[in-house]
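These are the residues of each chain, in order.
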Amino acid sequence: MNNLLEHFVTLWVVIDPIGTIPVFIAVTAGISVGARRKTALLAALVSAGILLFFLVFGQLVIEALDIGLNSFQVAGGIILFLFALTMIFGESKQDIEQRQAEEDLDDKMHKTNPAIFPLAVPSLASPGAMLAIVVLTDNHRFSAADQSITALVMLVVIAIAFVLMLLAEPIIRLIGHSGAAIISRVMGMILASVAVNSVLSATIEIIKTGQL
């Protein structure tokens, strides 16, 4: 149960469904309600597909490159920690991605479906999310059943993100952009704690087993 909760919190933070709401509003401004729903659905499906790909094949690629998973976990924890610092001290994810989306709209340079960029990548299937899903489904630590549960948790988070995108405008009116930024920073604190725990766990494992 503790692992399940930790995995949910980690995936919730790195996918950040709430932080995606302002991005969704920016890239779907001026289109019909039906088109918004299709955009939200496509973004959810594409991001889920990308993360499932990393869940299944990510570790195979790492091992093919002869990189120890403990080393990868340490590196992943450090990257997640740095990502968390940007959430806490820098511009929030939604501020950066919303600005980029608005700039693209102003310059009329959208050559890709906004559901693909920036919604699916990098908003939902962010580099941090790709990295986290590989670490959370380590073949050496987790059984196929455990990995299936993690996949289900990830799909639940994506589904929640889909629902929040459909409810984007009422949510923003309720909490405001400042509220979304505050929530993002709180999530950054949680992610920093999870990242430190990941590094310490991998370091202890390296000391105990001598395996990188």
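Our structure is the block above this text.
All figures in this text were calculated on a predicted structure; none of them were measured in a lab.

Asker: Before we move on, can you summarise the packing of helix 2 (residues 17-27) against helix 6 (residues 115-124) with the specific residues and values?
Answerer: Contact geometry for helix 2 and helix 6: axes closest at 10 Å, N-to-C directions at 160 degrees. For the element pair helix 2 / helix 6, the angle class is roughly antiparallel. The interaxial crossing formed by helix 2 with helix 6 has right-handed handedness. Seen from helix 2, the contacting residues are T20, V23, F24 and V27; seen from helix 6, they are P118, L119, S123 and L124. Counted by class, the contact of helix 2 with helix 6 contains six nonpolar, two polar and no charged residues.

Asker: Explain the nonpolar core to me, and be specific about the residues and the numbers.
Answerer: Membership of the largest hydrophobic core comes to 50 residues, with the highest contact counts inside it found for L11, V14, I15 and L51. Counting residues per element, this core draws most heavily on helix 8 (residues 144-166), which supplies eight residues.

Asker: If you had to explain the packing of aromatic side chains to someone new, which residues and values would you point to?
Answerer: One pass over the structure, following the stated rule, counts three aromatic pairs. Judged by centre distance (5.9 Å) and plane angle (80 degrees), the ring pair of F53 and F54 falls under edge-to-face. A relative accessible area of 46% places F53 in the partly exposed class. Pairwise contacts between aromatic rings join F53, F54 and F57 into one cluster.

What counts, and at which threshold
Residues numbered from 1 in each chain as written. Predicted model: local features only at pLDDT ≥ 70, side-chain atom pairs only at ≥ 80, totals over all residues. Heavy atoms only, no water. Axes fitted to C-alpha atoms, helices over the stretch in contact; angles between N-to-C directions. Helix = DSSP H or I, 4+ residues; strand = E, 2+ residues; numbered from the N terminus. Parallel < 35°, antiparallel > 145°, perpendicular 65-115°, else oblique. Left-handed = near helix turned anticlockwise from the far one by under 90°. Contact = heavy atoms within 4.5 Å. Nonpolar A, V, L, I, M, F, W, Y, C, P; charged D, E, K, R; others polar. Core = buried A, V, L, I, M, F, W, Y, C linked by side-chain atoms within 4.5 Å. Buried < 20%, exposed > 50% of the residue type's maximum accessible area, 1.4 Å probe, protein only. Phe/Tyr/Trp six-rings, centres within 6.5 Å; stacked < 30°, edge-to-face > 60°.

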